[in-house]
Amino acid sequence: MGDRLLEVRNLSVDFHTSHGTVHAVRDVSWHLDRGETLAILGESGSGKSVSASAVLNLIDMPPGEITSGEILFEGRDVIKMSSEERRALNGHRIAMIFQDPLSHLNPVYSVGFQIAETMTAHGVDNSQTRAKTVELLERVGIPDAATKVDAYPHQFSGGQRQRIMIAMALALKPDILIADEPTTALDVTVQAQILALLEELQEETGMGLLLITHDLGVVAEVADRVVVMNSGQIVETGTSSEVYHNPTHPYTKKLIAAIPGSGEMAKELGPGIKPILEISGLTKHYGAFAALDNVSLTVLPGESVAIVGESGSGKSTLAKTILRLEEATSGQALFDGQDLISMNAKDLFNVRRDIQMVFQDPTQSLNPRMSIYEIVSEAFVIHPEILAKQLWKSRVCELLEQVGLQADHMYRYPHQFSGGQRQRIAIARALALEPKLIVCDEAVSALDVSIQAQVLSLLTGLQDDLGLSFLFIAHDLPLVRDFAHRVIVMQNGKIVEQGPVAQIFDAPREDYTRNLIAASLSPDPKIQAERRVALRKLQGAVT
Amino acid sequence: MMKFLGKRAVASAISLVGLMLLVFFLSRLSGDPTGLYLPLDASEESRNQFREIHGLNDPLIVQFFNYMGDLARLDFGDSIRRSEPAIDVVLRGFVWTLQLALITMSLVVTLAIVVGSLAAFHVGGVFDRIATFFSLIGASAPDFWIAIVAIVIFSVNLGWVPTSGTGSIWHWILPVSVLFIRPFGLVLQIVRGSMITALSSAYVKTARAKGIKNRSIIFVHALRNALLPVITVIGDQAAALLNGAVVIESIFGFPGVGKLMIDSILQRDFTVVMAAIMVTALAIFIMNLLIDILYSVLDPRIRY
Amino acid sequence: MANSDLVPDTPEAPSPSAQLLRMLWNDKFAFVSVLFLLVVLFCALFGPLLLEDVATKQNLRGRNAPPFDFSANWLYWLGGDALGRPLLARIIVAAQNTIFVAAGAVFFSLTIGTSLGLIAGYTSKTLSQVIMRLADIIMSFPSLLLAVIVLFMLDSSVFNLVIVLAITRIPVYLRTARAETLEVRERMFVQAARVMGASNRRIIFRHILPVVFPTLVTIATLDFAFVMLAESSLSFLGIGIQPPEITWGLMVAQGRSYLTTAWGLSFWPGLAIILTTLSLNLLSNWMRTALDPAQRWRLENVRTKNG
Amino acid sequence: QDNSVTVVLSEELEIVEPCSATKSNVGRVLFQNISETVTEMDPATGLEPRLAESWEDMGNGTWRFTLRKGVTFSDGSAMEADDVAHSLVRMKSPAIACEIGAKFFGGIDITSNIIDAHTIDVTADPAQPILPMLMSTVTVTPSDTPLDKFVDQPIGTGPYTFDEYARGQYIKLSANPNYWGEKPTVQSATYVFRADSAVRAAMVAAGEADISPSIALQDATDPAMDFSYPNSETVFLRIEHAQAPLNDRRVREALNVAVDREAFVGTILANGTLLATGITPPSTIGYDADLKPYAYDPDRARALLEEAKADGVPIDTEITLIGRTNNFGNVLETMEALLGMYQDVGFNMKLEMVEVAEWLERYAKPFPENRGPELIEAQHDNANGDPVFSMYFKYHSEGQQSGLTDPKVDTMIAEATAATGDARAAKWKELFGYLHEDIIADVMLFHMVGFSRVNERLDFVPTIRTNSELQLSQIKFK
Ligand SMILES: Nc1ncnc2c1ncn2[C@@H]1O[C@H](COP(=O)(O)OP(=O)(O)OP(=O)(O)O)[C@@H](O)[C@H]1O
Ligand SMILES: Nc1ncnc2c1ncn2[C@@H]1O[C@H](COP(=O)(O)OP(=O)(O)OP(=O)(O)O)[C@@H](O)[C@H]1O
Ligand SMILES: [Mg+2]
Ligand SMILES: [Mg+2]
Ligand code: NI
């Protein structure tokens, strides 16, 4: 095909660790043309991020090593370029959106500075950067961008950070954009807005987009071609429609079979059950800004309550407030009849074990100095009554295997894992404690659908066996549809609608909810294409 | 912020009074100064007279309230040793000490940070090895060695700079250089250590992906994240300098507050000791306050 | 044991000590440092036992013997001191007191300072305020005054010396530990540990301390030199180690007046101090790398093969 | 530079007060440069006139001094009898602690009677046969000098005037154009202060200073520049006789013969250091040159201890050897060497080096309680030629630092003090002998030697007086 921007040939990347060499990427080849969107699909841990980082020279070498291959940008091998030449390319011609936005933003500089810096580093005059930065932030949908430019990364929600990363990458309208899971933390409406933005840019500048994602809906919506990876290798390539409709490799088949959103919806649990968590009037202010405004909800034992809603609507804040990681401004959260919000430290310690959380940002929530074994078994150290010491190791193995990792990952450290693998470690840790309630904040957003299915069935299994409850924050509506009993929809710190899953999906009452469901993408490229055509027509009619 | 400052001011004032109390009573436990000021053979009568004049005969508690009363009028009392107002003696020395501390620390801050960061950027490289090796030797070598060897080499043999004393800017070169060595070594090591960690962070990768120059990656992105322990240690070293650099002062005949303090302690010149501690404590308190404010400036996640 | 067949292929943890040794061997500087420190330790433990008598035998008429006279008894290879005692023997014997005082003072200030700093950084504002202002006070209290007071109130003993030295060095550890704690406690993994129900103690010692510790150790290693040298000035005042007991710092200080005529007197013990500090620091740099999983590869034998 | 000199002193002057000019660093600046004395003691020739031209004994403790005419202070006023009278009052003023008044006139009432502008009678009670010599310490200041506080701009009659004291940095003097005597060669002088001997030596070597009155033995390495001089200091170990086992004469003898004094000379201490038999240097009257220092005899020391032990003297009691830090160059080495020698012959002894304040607590009465047997190192300075004060304070039962209570010694001191001329010398000599041989009062060690470094362009040779004064007018250029 036409105008070749980037070509990766026979790329192999190894990581040397004390327990032998990890072959993260094996003999991978693909190319990207001008104006084209190439999606890389694949199993979590299959080498997607590593191969993308190789393009930008971001692999630490050592311990990493590019053992073979070349990466041709406009015909020149970037691996052989001087570091000065590569520096000139990075950010300017090739930009990257990282999978894990919080740790990839510098915590001590304002987001405005970090975005503007991309421009100044490549010769844009200082005087123009601020206005441009604000404009970029507005385009990615950050509310109140003019004041938020001076805010620091930790003051943003997960999805907002992701959009800041996107704004940063788009600052100079690069020729190639490598987007590593750019929409994992975005609700569908914002996601649509971002995808539209990317498309617009592509049309404007002929940008080549390399999209790493597990969201087949996104693939269907934007990708021209698809590459499927599994354990470091490419197992399938083709146009998105070919791959969706005629998968040849067993892994691809498995993947497509695992797409959620078609199962039976769960029934509401019977009335008369005493709720395990009962929140009323919970409010949290950051300064004058109300991140949570008078939120009330209940969770029954054995129930999965999903919270969906706009990015920045206060979902994570709700989770953190319940867990007392943020102090609530006012309100109540009764757990088993005791108020978590006003509880003293000692009582709090006693209920801790029963409520666990999987953080939205898995990397940051794992202590980088502890091995996976130490991280997961810490549960047992803190609560020795759970398990006798000699059983810890086998239990850790078991948990890791349940979430789709391998036992010999046990002695590795968090930085040696892929994004999705870290997320699963965090899940394993939460499960280790055998709590009554788990708050999952986008807990499976970085997993490919096959592993997602595996993890979810694990969770449902546990729910059936042990009566576990979940407060499940997610933006992936098909997933919510399959998993939740009840759904709560949040916007601007308030609950706008809640009800049984069937009611929300089949008969949403609020406009916001309706929009949300309408914006949901179908994994079938054909359907998506049709929808797009319809939408265009509609827009054409309006204008 | 105002609330923080207000609280801090109150707490600092309390601890300053506490410090005064402590020094006042504890220092009087270190013996009677009379014998030190009168000739060995002075009679008991003249000793008593001396005590009378300097108010050493009153009960301690009376002495303390007298002292505090005078202090309220900003009267720090007279130096027994010099028979002039203690605060004059102290301030005269402190001006020198402050200059010395400021000059030395600004050199330390710039050089240690630059050298330490570059060493961290090339961990295990030749530059790193050399910088580490020499800074450590400097930092652990006895300061008077360096001072005297420097005098012998640079003043007596080469005649480049004056041996000692004050007067021209040339006189500052040796004392500042010698004083520079230990804090430099220490700060450099701290910078190096915490920069190694900072340079391996994910946000440094982002910076590289953005095509930021190495210089900015080191000194803009990583450095600010690495600075917390660095400024703390700089503060500690600066406090040490504010307390006076005794060896340097006595070798180079530098009229700072350090030797004054030592002599006053050994001579039980309590008023000077008190005044000197007041002045240096105030300086140190203010410096620590600035450092604490700096923490939250450097790292927006830190809030008080 | 009965359960081991549940998950038959539980991987074995690699032996930590073997791994550590290998990492040590891979950093030649650290390896040599450890050897040197072992020699010092040996001297400290057995030096006085073996050489006490030789080291105190005076010979005024043979004083300040020059070094490198290899025809003499090996103990005199570094020369003799102002009273004609063999310097090498004295350095070996002095290792005991030196290491005892320095290690004691550094250990106490490090542990006390760090603990208080972690507490000040992690717990309530009031307690933190109290601790920090206390640190301010200590920081402004001249160590010499403290020494003189202790000397007047208590007996002169090595233990008091250690106390005085330790107290004066507490603030730097305290402030450093606190500053880093303020930042580290905001990190997500600390919050994750809290969610798991980890006690404050566990969070402080298991999650925060490992991040803070390398910096503190770096300060501590350099404090070793500082304490060794400071100790001698207090000895001169009559607190702590008194001649004919001897430490390196005291030897350096005593040799001060001979600096221009018999340089060896203070040079050799000074060198011992420098080498010890250097070794400790190289070791602590090694440790910093070895303890940080993200840096550890530098010490692991993962040389990239060509190709 | 040509006719000005720079003097580097070992410590800064705390005060610039003429009535304390016998403190050595104050003295080196002020004594006979700014402030002159009534009489002047010259170690070579004896007592000489200075501001007084002559004096005679009027009996009953009264001496009449005839003052020099035409002498003016640097503020322009004439020096007359009332100034001398005022100076005598001032040095004993209770409101200020004048070194001279306390050190040389302690326990003596001084009254004066102005006869005319240039004649004054001075009466001492008790009578002082050596009053004219004592007057060699009295610095004369104008009669309007305050009685209750130290001056910071000293005014005197000397060949120099006090120009400027930049605290912490330097003092400047310049030649007094109206000086009554011979005009000095040196026209101005700058004094600077460096605590470190090596630096002082380096400054002279580098040409930044001309004279360093005292440098350490080990820095005196250049024969062309370095001079040694007996500095009138005597080092000894004070024995407190009341404490067992030090109350036994055999033990005290053992303490004396156990010390190899000669081994110190030319090693730890300078060549030229004299072995002492008495507490004042050979230049004092009554010095007994026939007394022999105790010879080193460790075997005898052991034997003496054995003997004493056999008689039940508790010689195993631990004796504390106390040294004063920084008392003189190499004091620590000296003390360590002494300790080694004592331990060698079987004393149970430990060394304590203490700073001056603590040392004073131990050295001067009232002695601390429960102190146990102690041997205290001290250095005594007597440059004025008569042992009277030394003897009283060190050996009289009432003496502030005396370790003795011996009525015989008390009477001998009283008699010698009252005597004059040759009889006085004989009586002192007798006392020296008694203390050294009969009761073995202390462990006498050394008469010390000091070192000065003098720039080669100067024609100046330090003397015993250099320890306490530095007369710029005696300095010439080569
Ligand atoms: N520093 C490292 N040391 C050892 N192994 C590593 C390291 N970094 C990554 N890996 C391994 O390389 C493999 C590929 O990782 P990569 O991050 O590319 O996965 P990914 O396809 O992006 O997965 P995900 O969808 O979960 O993000 C993973 O198995 C991971 O464990
Ligand atoms: N520390 C803070 N200071 C100020 N504002 C904050 C802070 N933390 C969060 N916010 C704001 O609170 C709002 C809610 O944040 P929260 O993280 O709860 O959103 P969220 O619903 O989880 O969104 P997402 O789906 O994007 O993760 C956001 O608008 C965010 O900007
Ligand atoms: Mg990835
Ligand atoms: Mg969130
Ligand atoms: Ni193509």
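Please read these numbers as outputs of a predicted model, since none were measured by experiment. (Residues numbered from 1 in each chain as written. Chains lettered and ligands numbered in written order. Predicted model: local features only at pLDDT ≥ 70, side-chain atom pairs only at ≥ 80, totals over all residues. Heavy atoms only, no water.)

Turning next to the UniProt feature "domain: ABC transmembrane type-1" (unreviewed entry) in chain C. When the UniProt feature table is mapped onto this chain, "domain: ABC transmembrane type-1" (unreviewed entry) is found at residues 95-284 of chain C. This span, residues 95-284 of chain C, is 83% helix and 0% strand, and a straight line between its end C-alpha atoms measures 21 Å. (UniProt positions renumbered as here; feature names shortened; annotations may be inferred. Helix = DSSP H or I, 4+ residues; strand = E, 2+ residues; numbered from the N terminus.)

Let's shift gears to the interface of chain B and chain C. Taken together, the contact between chain B and chain C spans 67 residues of the former and 57 residues of the latter. When chain B packs against chain C, the two sides together hide about 5300 Å² of surface, and 71% of this comes from carbon and sulfur. If you sort the residues of chain B by the area they bury against chain C, Ser140, Phe144 and Trp145 of chain B come out on top, with a joint share of 11%. In this structure, the connection of chain B to chain C is made through 5 salt bridges. Arg301 of chain B is the salt-bridge partner of Glu183 of chain C, the closest N and O atoms lying 3.4 Å from each other. (Contact = heavy atoms within 4.5 Å. Buried area = accessible area lost by both parts, 1.4 Å probe. Salt bridge = Lys/Arg side-chain N within 4 Å of Asp/Glu carboxyl O.)

What follows is about the side chain of Ser450 of chain A. All names here are of chain A. Mapping Ser450 onto the fold places it in helix H18 (residues 449-466). Among the residues examined, Ser450 registers a relative accessible area of 10% and is labelled buried. Beyond its immediate chain neighbours, meaning those up to four positions away, Ser450 contacts Tyr251, Lys254, Leu255 and Ala258. (Buried < 20%, exposed > 50% of the residue type's maximum accessible area, 1.4 Å probe, protein only.)

Below, the discussion takes up the interface of chain B and chain D. Across the boundary between the two partners, chain B contributes 37 residues, which contact 35 residues of chain D. Summed over both partners, the interface of chain B with chain D buries about 3000 Å², with 57% contributed by carbon and sulfur atoms. It is Leu40, Asp41 and Arg82 of chain B that lose the most area in chain B upon contact with chain D, and together they represent 21% of the buried surface on that side. Between the two partners, chain B and chain D, sit 2 salt bridges. Note that Arg268 of chain B and Glu355 of chain D form a salt bridge whose closest N and O atoms lie 2.7 Å from each other. The interface formed by chain B and chain D includes 5 residue pairs in polar contact (both at pLDDT 80 or more). (Polar contact = N/O pair within 3.5 Å; in protein donor to acceptor, adjacent residues only side chain to side chain.)

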